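Topology and contacts: notes
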Amino acid sequence: MRRRMTSLGLMQIFLALMLVIVLMFVSTYMVYRNSISGIYEEVSDKNSMMMQSTVQAFDNSFRVVNNLIHTIHIMPGTDSLRSMIDDSTDMSIAYTMIEHIANLSAPYDFIEEVAVFYDDSDIVVTTKGTNRFDYFFDKKYLHETYNADYWRNYMRSKKTYKVFPASPFTVNTGENSNQHKNKKLLVVTGGNKLRSSGKNVLVLIDLEALLKHVNQGPIFSGGSMMILDQNRDMLMSTDDNWNLVDALSDAYFGNAGEVTVKRQDYEYRILKSDYNDFIYMERLPYQFANVDAVAGANLKIMLTAGVCAIILSLLLSVYLNNPVKRILKQLGGGNSKGNDFRKILSGIVRLQSENEDNRRQKAYADEELRRSTFLQTLDGLPHETEQDIRMQTYYADFYRHKHFIMALVQVGRLANESAENWTIEDMERRMEQGLGRDGLAANAFHAGHLQFIVMLGVERLQERSGLIKQLRTSLTRLQKEEFSGFSLWACVSALYTSNVSNCRRAYLSVQGGSLYRAVNDGSSVMDVAEIQYKRLAYYPIEKMEKLSHYLMIGKLQEATQLIRETIRENAERRIHYYQMIHLANSMFFYMVGHTEGSARTGQELYELERHFMQRLEQAPDYAEMENALLDAARQLAGHAKQEENGRKLNPSFIAQYIELHYMRNLYLDEIAAVAGTTPKYFSNYFKKTFGVNYVEYLNKIRLTHARELLKDSQLSIAEIGERIGYLNSSTFTTTFKKYYGTSPSEYRKLSNE
């Protein structure tokens with residue numbers, strides 16, 4: 001027992017239970033201290049201020065009505081509806097009054113209606129128009145007492161401003177007499193002891209709207225309010241069971257501005273208005289008797305409950321100690337000292353984290369197994385029996401319909417940084433969900449290099465064309481929404497029966513189709529059945545030689561123009577995608593063909609080539625291939641300019657010097673002297689750097705210019721030979737025929753045909 005009492009875990013449980021008991025006891029004691037009487041007094045004080053605000057709001061409302069009546073009385077030109085010409089009714093005066101009355105009463109939603117009539121007329125002017133006097137008070141606003149005769153006689157008598165008690169009226173809401181509803185209305189009449197005009201004015205006030213307007217409501221449930229006029233006649237009461245006789249017998253009216261009286265179970269607060277001497281009486285439930293006895297009993301209950309809770313806490317501490325130790329041991333806490341509950345909490349958090357990690361790993365492993373199972377069906381190689389078992393597991397998922405169409409979807413490179421954090425799994429899910437939202441039953445698998453294989457299920461053969469059309473629409477939407485920042489292109493296979501053997505056939509079909517598509521095909525979806533095989537690639541060797549030469553001498557603008565002309569010429573011929581890739585590769589290697597021996601290191605060339613190949617592999621169209629070539633040309637041309645490192649023996653300087661002086665007798669001795677070296681050393685260096693000897697290189701430069709002059713000028717053969725640096729026409733003709741297999745005159749003839 002002593003060991004138990006000194007146990008840290010036991011003390012923790014006991015102290016935790018005691019903390020709960022202390023909090024409960026303190027909160028209960030606070031309720032006890034702020035018992036019914038205290039709460040009531042606080043609320044009563046607040047209610048007193050609210051009642052004063054309510055009385056002020058009522059006074060303002062009655063002041064508005066009084067001002068409205070006075071304004072109508074002094075309205076110019078409306079003392080009579082009689083015409084100045086004859087004894088008929090002048091409706092123009094009535095229309096003017098209607099407009100003015102409507103504008104005056106419109107801001108106050110508690111005003112139900114304003115009625116203006118004359119002693120010598122049977123017409124009532126209201127905010128909505130004119131009515132017959134008898135119809136308005138006997139049909140429109142029907143009351144058992146306040147009928148047309150009552151108001152005619154009352155308004156002819158001498159009277160003061162008066163507010164009639166709230167009474168139920170039957171209000172006709174339409175032309176049909178059956179369309180009506182009941183409302184409690186207060187009627188306010190203007191005085192005529194000192195008649196200021198010939199008009200009689202009645203203002204009908206909707207009691208429910210008035211109470212909302214003044215925001216009146218009892219603080220306690222069961223509270224109510226009554227309003228008496230200056231003659232102590234009751235105008236309204238929020239409690240139908242509280243009549244005037246009860247109010248007068250329970251309360252005492254003094255001359256003070258505010259009086260509070262407590263009778264039996266209620267408190268009466270009476271307040272007299274300074275504006276119109278109206279009496280406002282509020283009745284609230286008062287606290288019950290024997291409150292002190294009840295409070296004492298509550299205190300005894302609290303003390304008894306506290307003692308019992310302490311005993312129960314001690315018993316529960318002993319009972320829960322062993323289970324807590326066992327739980328801690330299961331969570332790996334052992335018998336170590338410290339806060340047992342904190343260790344249990346940390347153990348549970350650790351288990352939750354491990355379970356979540358295991359769940360994610362299992363989901364990822366299942367998805368990878370599903371993907372690898374599908375991709376292994378495409379390689380056409382034999383696999384172990386486990387592959388067949390896995391295929392049986394996923395078969396129903398891969399082939400959901402009788403037939404299928406395979407689409408190879410190529411995702412273009414990122415167009416913004418926000419999409420760089422996407423994973424391949426994110427792309428697969430977005431693609432499947434996006435296509436599924438458009439009604440396409442799709443399975444997407446990443447095949448590498450941002451290529452995704454999508455299996456589309458089809459039930460009937462004739463659905464293929466409609467499915468391709470729907471896929472085209474869906475990819476367009478995906479590119480704008482789910483794949484914003486990417487470009488999407490797809491190649492679609494023929495229709496196949498759903499089985500494993502057809503899966504590889506479909507894959508080979510779309511793989512070949514993606515290579516044989518036309519480079520300028522702007523369609524987002526290509527059908528392999530529509531591919532037209534062409535062999536029309538344009539690859540001028542002489543321009544490639546110029547391209548290499550331009551870059552060596554730093555003529556970037558000319559090299560850029562030549563690249564664009566070659567790429568776009570092939571695009572216009574609609575050559576295949578794979579042909580454009582080979583052409584771009586060849587142009588790239590022509591550009592770097594003379595970089596060996598320059599200051600550019602092998603690592604720099606490797607990085608340049610690797611980056612170019614990567615861009616070429618991911619290029620969605622010929623425009624991106626063109627950009628890759630232009631970027632490589634800029635780097636090579638820029639490097640050629642940087643190679644001027646204080647010595648003249650470098651490829652860029654030599655190539656540029658030859659380009660500027662090829663038309664002279666540019667002997668080996670002369671250019672070696674310009675380069676600052678001996679002819680023998682220069683000859684060896686030149687052949688090692690440029691791949692040909694100096695004479696052959698000079699001849700190629702001269703003959704390249706000669707071909708342009710032969711095609712584009714009218715100079716004679718002798719003049720062209722002399723212009724490009726040959727001493728006589730026979731040497732020019734012999735050299736030209738040696739390199740091109742034809743004479744200059746024959747070349748000109750063929751070029752002009």
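Our subject is the structure listed above.
So, here's what we can say about the structure.

The rules behind the values
- Sequence order as written defines the numbering, with residues in each chain counted from 1.
- Thresholds applied to this predicted model are a pLDDT of at least 70 for local features of residues and 80 or more for the giving and counting of side-chain atom pairs; totals over whole chains, interfaces and linings are not thresholded and use all residues.
- Side-chain metrics rest on all non-hydrogen atoms present in the structure, leaving aside hydrogens and water.
- Between any two strands, pairing holds if DSSP finds at least two bridges.
- Numbering of helices and strands runs from the N terminus; a helix is a DSSP stretch of H or I covering at least four residues, while a strand is a stretch of E covering at least two.
- Think of each axis as a best-fit line through the C-alpha atoms, taken over the contacting stretch in the case of a helix, with angles from 0 to 180 degrees between the N-to-C directions.
- Lining residues are defined by having an atom within 4 Å of a point belonging to a cavity or pocket. Those points lie on a 1 Å grid over the protein atoms alone, cavities being sets where a 1.4 Å probe fits but cannot get out and pockets being open sets with protein on both sides within 12 Å along at least five of seven lines.
- Grid points are joined across faces, edges and corners, and a volume is the space filled by probe spheres set on the points.
- For this classification, the nonpolar set comprises Ala, Val, Leu, Ile, Met, Phe, Trp, Tyr, Cys and Pro, the charged set comprises Asp, Glu, Lys and Arg, and every other residue, Gly included, is treated as polar.
- Planes of paired rings set the category: under 30 degrees apart is stacked, over 60 is edge-to-face and the rest tilted, where pairs are Phe, Tyr or Trp rings (Trp by its six-membered ring) whose centres lie within 6.5 Å.
- A simple rule labels every residue: compare its accessible area, found with a 1.4 Å probe on the protein chains alone, to the largest value its type can have, and call it buried under 20%, exposed over 50%, or partly exposed in between.
- By definition here, charges over rings are those cases where NZ of Lys or CZ of Arg is within 6 Å of the ring centre and within 35 degrees of the ring normal.

The next subject is the pairing of strand S9 (residues 234–237). Direction of pairing for strand S8 (residues 224–228) relative to S9: antiparallel, over a ladder of three bridges. The residue bridging Ile227 from the neighbouring strand is Met236, located in S9. Once S8 ends, the chain turns through five residues before running back antiparallel as S9, passing Arg232 with a positive phi of about 65 degrees.

Okay, the sheet that holds strand S17 (residues 525–527) next. Across the sheet, which stays open at both edges, the five strands sit in the order S14-S15-S13-S16-S17 with mixed pairing between neighbours. The open sheet is flanked by strand S14 (442–448) and S17, the only strands paired with a single partner. With direction set aside, neighbouring strand axes in the sheet form an average angle of 25 degrees. The sheet contact formed by strand S13 (residues 403–411) and strand S16 (residues 488–497) spans eight bridges and is antiparallel. If you follow His403 over to S16, its bridge partner there is Thr497.

The subject of this paragraph is empty space enclosed by the protein. Enumeration over the complete set of coordinates arrives at six cavities of 30 Å³ or more. Here the second largest cavity is characterised by a volume of approximately 70 Å³. The wall of the second largest cavity is formed by 13 residues, among which Phe398, Tyr399, Arg400, Leu456 and Gly457 lie closest to the centre. Those elements that provide at least two residues to the lining of the second largest cavity are helix H11 (385–398), S13 and strand S15 (451–458). Here the lining of the second largest cavity takes three residues from S15, the largest share from any one element. When the residues that make up the lining of the second largest cavity are grouped by side-chain class, the tally is six nonpolar, five polar and two charged.

Enumeration according to the criterion identifies 37 aromatic pairs in this entry. Between Tyr150 and Phe164, the aromatic rings sit 6.5 Å apart at their centres with planes inclined by 80 degrees, giving edge-to-face as the arrangement. Placement of Tyr150 in helix H6 (residues 148–156) and of Phe164 in strand S5 (residues 162–172) is noted, with a sequence separation of 14 residues between them. The class of Phe164 is buried, set by a relative accessible area of 3%. A ring pair is formed by Phe588 and Phe589, whose centres lie 5.6 Å apart and whose planes are at 75 degrees; its orientation type is edge-to-face. For Phe588, a relative accessible area of 1% puts it in the buried group. By relative accessible area, Phe589 is classed as partly exposed at 39%. One aromatic cluster in this structure is built from Phe117, Phe133, Phe136, Phe137, Tyr141, Tyr146, Tyr150, Trp151, Tyr154, Phe164 and Phe169. In this structure, Lys162 packs its charged tip against the face of Phe164, placed 5.3 Å from the ring centre. Above the plane of the ring of Tyr726 lies Arg702, whose end atom (NZ or CZ) is 5.2 Å from the centre.

Structural measurements only, silent on function.
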